[in-house]
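# Descriptive analysis of the structure
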Amino acid sequence: MRLITVAGPPSCGKTSVVAKACGVLQGNGQACAVVKFDCLQSRDGDLYRAAGVPVSVAFSGGLCPDHFFATNLEEAFAWGVESGAQVGLIETAGLCNRCSPHIRGALAVCVIDNLMGIDAPEKIGPMLRMADIVIVTKGDLVSQAEREVYRYRIRQMNKRAVIRHVNGLTGQGCAELAAIMAKAPDIDSVTDMRLRFSMPAAVCSYCLSETRIGGRYQKGNVKKAKFAGGVHAE
Amino acid sequence: MLSEDAGLDVPESPDSPDSPESQSENRIYAPASMTLTAGRDKSSRPEAGDVVFRSGEITALLGPTGSGKSRFLSDIESLACGDTPTGRTLLLDGRAPDADERFELQGRLVAQLTQNMNFVLDMNVRDFVLAHAMSREVADPEAAARRVLDAANALAGEPFGPGAQLTQLSGGQSRALMIADTALLSWSPVLLIDEIENAGVDKRRALDLLLASDKIIVIATHDPVLALSADRRLVFEHGAVRAVQARTGAEEAILTRLEHMEVEISRVRAMLRAGETLD
Ligand SMILES: Nc1nc2c(ncn2[C@@H]2O[C@H](COP(=O)(O)OP(=O)(O)O)[C@@H](O)[C@H]2O)c(=O)[nH]1
Ligand SMILES: [Mg+2]
């Protein structure tokens, strides 16, 4: 199965773009399946089903969603293969902008929208920097000049990605995206593949559902920040 | 900047060279002519003929919603190669672009200006236009930014200064700035305009500025002055181009009359706004 990871901040248009690109792929006889990783809730399952794309949604609930993603990749891949998909896509909610779900050897797509401010490409971090394709949405709402400057900023953050403007509402640009997706690496198994960017070290008391605030509740892998001004500095 | 423990980059390959796309980012191929070959209408009947566009020429698209204008524009935008429902093919300087050229031009051949567009960035006009000029790597970005501001002010009914916030410009000022910026700084050789607002923009001057940019200009409009200002009009029906009309001498006279009427309307509008009486 060809494997594609799709990441981007909430509401940037991931589902719209993936659903439309899958429509094009399916129209060309390529079976698709989408796995959506999210935290607590999502209506993406309904959106994909409404668009005629087979989907499976997985919620991380009380766990770190990125770790949850990594620990469920083999199963997600197996589900895609079982459902007969030739192209398997994984949509992840971009949560803290710290992580990136992209995998070495699979096609990595980052979606960002044009409304996020000029510094967004810098803030988004590894899911943009590690991507093979950067899809920019909502260009229909901003000026040509803003689109061009935004693209330039994206290019500064990622020198080698293919950058494409796609309209998630009309699907304009999705045929070109689908053409790139159709050439994503064909993979037998994700076992022993590697993430492009390591995930944060965890296991402190808050990882184990601690909710109380205060030093005495903090155990395990705890790091204290230094704040300017001295009063709170160590 | 990444913090010290932001995670490990796992490089794809030891030396990943810049993509060809990024190397040529600011050198976009500007064709002198662009042809959309004849396709077929909604009933698969063949279209009458090819349509050739030349730089420095304005073409207006006319026809009701659903008549095929959007499809036509998207055939241009997506560099159709017989792969769209209309079966049209886009030629640049008389030949179909090869796979590499198509890939590079994808999404960049056409600059757009539509009614829905607004400035959303939290920046002032000067800083923003300067940022655009720098992103285009022009020789003298400061001078380029000044030219854009001057041109925008020449089009806008109400002038605005370099310190004005983008998001606080009026509809007419925003549109004027978008037109000036697109004409003078945009990378795309083709400009597609979906109506120019009536209020607050000097249309005649806007068109002159765009013409001087040597771009191929296509306007979808219901505005009689804009439609008549175009060198020719494509009339759409049932998903295809039904007729190509060049402006006649009689139409030119009508255009002049309509333009005078518009000037008069703006003059009266300005006087009323300023609290003057009209007698
Ligand atoms: N105007 C506009 N809206 C878009 C575009 N792409 C997506 N949207 C809208 O943005 C919202 C969020 O889209 P969705 O695909 O659910 O985002 P996700 O959370 O990243 O999956 C929806 O209301 C979409 O209709 C676009 O290109 N233009
Ligand atoms: Mg989604």
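Because the structure is predicted, anything quoted here is derived from the model rather than measured.

### Here we look at the overall build of chain B
Across its full length, chain B carries nine helices and nine strands. Taken across its 279 residues, chain B has 49% of its residues classed as buried. Partitioning the intrachain contacts of chain B with sequence separation of at least 6 by distance along the chain shows that 68% fall at a separation of at least 24. Accessible surface computed for chain B: about 13,500 Å², of which carbon and sulfur atoms make up 52%.

### Remarks on the overall build of chain A
If you tally the helices and strands in chain A, you get eight helices and seven strands. For a compact globule of 234 residues, the expected C-alpha radius of gyration is about 17 Å, and chain A comes in at 19 Å, within 12% of that figure. Considered along the principal axes of its C-alpha atoms, chain A spans approximately 60 × 45 × 30 Å. Long-range contacts, defined here as pairs at least 24 residues apart, represent 76% of the contacts in chain A between residues at least 6 apart. Summing over all exposed atoms, chain A offers an accessible surface of approximately 10,500 Å²; the carbon and sulfur share of this is 55%. A gap of 6 Å separates the mean positions of the 27 positive and 21 negative side-chain charges of chain A.

### Side note on the pattern of salt bridges
Enumeration over the complete set of coordinates arrives at 25 salt bridges over all chains. With a closest N to O distance of 2.7 Å, K36(A) and D44(A) form a salt bridge. Classification of K36(A) as buried rests on a relative accessible area of 3%. Here D75(B) makes a salt bridge to R71(B), at a shortest N to O gap of 3.7 Å. Here R71(B) and D75(B) lie together in helix 2 (residues 69–77), a separation of four residues that amounts to about one turn. Taking relative accessible area as the criterion, D75(B) reaches 0% and is therefore assigned buried. Relative accessible area serves as the criterion here: at 33%, R71(B) is assigned to the partly exposed category. Each of K36(A), D38(A), D44(A) and E91(A) takes part in a single network of salt bridges with overlapping partners.

### As for the sheet that holds strand 3 (residues 57–62) of chain B
All names here are of chain B. Taken together, six strands build an open sheet; the order of strands is 5-6-7-3-8-9 and the sheet is mixed. Both edges of this open sheet fall to strand 5 (110–114) and strand 9 (240–246), since each of them pairs with a single strand only. The sheet shows a mean angle of 20 degrees between the axes of neighbouring strands, direction not considered. Alignment of strand 3 against strand 7 (residues 216–220), held across five bridges, turns out to be parallel. Paired with T59 across the bridge in strand 7 is V218. Along the sheet, helix 6 (residues 171–185) makes contact with strand 5 and strand 6 (190–194), crossing strand 5 at roughly 170 degrees.

### Overview of the nonpolar core
One finds F128(B) and L177(B) to be the most contacted residues of the largest nonpolar core, which totals 49 residues. Residues within four places of L177(B) in sequence aside, it is in contact with F119(B), V125(B), V129(B), V148(B), A152(B), F160(B), L166(B) and L169(B).

### Some remarks on the domain arrangement of chain B
Residue and element names in this part refer to chain B. Domain assignment breaks chain B into domain 1 (29–109 + 189–247), domain 2 (117–187) and domain 3 (248–279). Between the C-alpha centres of domain 1 and domain 3 there is a distance of 29 Å. In this complex, domain 1 contributes ten residues to the contact, which on the side of domain 3 involves nine residues. With both sides pooled, the region where domain 1 packs onto domain 3 buries about 840 Å², and carbon together with sulfur makes up 58% of that total. The largest contributions to the domain 1 side of the interface with domain 3 come from V225, L228 and R247, which together make up 62% of the buried area. At the junction of domain 1 with domain 3, the criterion picks out four salt bridges. Across the pair K203 and E262 runs a salt bridge whose closest N-O atoms are separated by 3.0 Å. Linking domain 1 with domain 3 are five residue pairs in polar contact (both at pLDDT 80 or more). If you list the elements that add at least two residues to the side of domain 1 that touches domain 3, you get helix 7 (203–212) and helix 8 (224–229). Top element by residues in the side of domain 1 that touches domain 3 is helix 8. It accounts for four residues.

### Focus on helix 1 (residues 14–27) of chain A
With 14 residues, helix 1 of chain A should reach 20 Å at 1.5 Å per residue; the first-to-last C-alpha distance of 20 Å fits that figure. Two residues or fewer past helix 1 of chain A, G29(A) is found with a positive phi of approximately 85 degrees.

### Examining the packing of aromatic side chains
In the structure shown here, the tally under the stated rule is five aromatic pairs over all chains. Centre to centre, the rings of F37(A) and F68(A) are 5.8 Å apart; their planes meet at 80 degrees, and the pair counts as edge-to-face. Of this pair, F37(A) sits in strand 2 (residues 32–38) while F68(A) sits in helix 3 (residues 65–71), and the two are 31 residues apart along the sequence. Each member of the pair, F37(A) as well as F68(A), carries the same accessibility label: buried. Here the aromatic rings of F37(A) and F69(A) are separated by 5.3 Å at their centres, their planes lie at 85 degrees, and the arrangement is edge-to-face. Separated by 32 residues along the polypeptide, F37(A) in strand 2 and F69(A) in helix 3 bring together distant segments of the chain. Put simply, the rings of F37(A), F68(A) and F69(A) touch in pairs and so form one group of aromatic residues. The ring of F103(B) has R164(A) lying over it, and the distance from NZ or CZ to the ring centre is 4.5 Å. Over the ring of F53(B) we find R232(B); its NZ or CZ atom is 5.1 Å from the centre of that ring.

### Here's the deal with the site of ligand 1
Residues and elements named next belong to chain A. For ligand 1, the set of nearby residues contains 17 residues, the closest of which are S11, K14, T15, S16 and G168. Within the side chain of S16, one N or O atom sits 2.6 Å away from an oxygen atom of ligand 1. Side-chain polar atom of N167 to an oxygen atom of ligand 1: 3.3 Å apart, as the coordinates give it. Relative to its unbound accessible surface of 580 Å², ligand 1 loses 77% to contact with the protein. For the shell around ligand 1, the element with the most residues is helix 1, which contributes three residues.

So, how was this worked out
Residues numbered from 1 in each chain as written. Chains lettered and ligands numbered in written order. Predicted model: local features only at pLDDT ≥ 70, side-chain atom pairs only at ≥ 80, totals over all residues. Heavy atoms only, no water. Helix = DSSP H or I, 4+ residues; strand = E, 2+ residues; numbered from the N terminus. Buried < 20%, exposed > 50% of the residue type's maximum accessible area, 1.4 Å probe, protein only. Contact = heavy atoms within 4.5 Å. Areas by Shrake-Rupley, 256 points an atom, 1.4 Å probe, with all protein chains shown as cover. Rg over C-alpha atoms; globule rule 2.2 N^0.38 Å. Lys, Arg positive; Asp, Glu negative; His and termini not counted. Charge placed at Lys NZ, Arg CZ, Asp CG, Glu CD. Salt bridge = Lys/Arg side-chain N within 4 Å of Asp/Glu carboxyl O. Pairing = 2+ DSSP bridges. Axes fitted to C-alpha atoms, helices over the stretch in contact; angles between N-to-C directions. Core = buried A, V, L, I, M, F, W, Y, C linked by side-chain atoms within 4.5 Å. Domains from an automatic or database assignment. Buried area = accessible area lost by both parts, 1.4 Å probe. Polar contact = N/O pair within 3.5 Å; in protein donor to acceptor, adjacent residues only side chain to side chain. Expected span 1.5 Å × (residues − 1). Phe/Tyr/Trp six-rings, centres within 6.5 Å; stacked < 30°, edge-to-face > 60°. Lys NZ or Arg CZ within 6 Å of the ring centre and 35° of its normal. Near = heavy atom within 4 Å.

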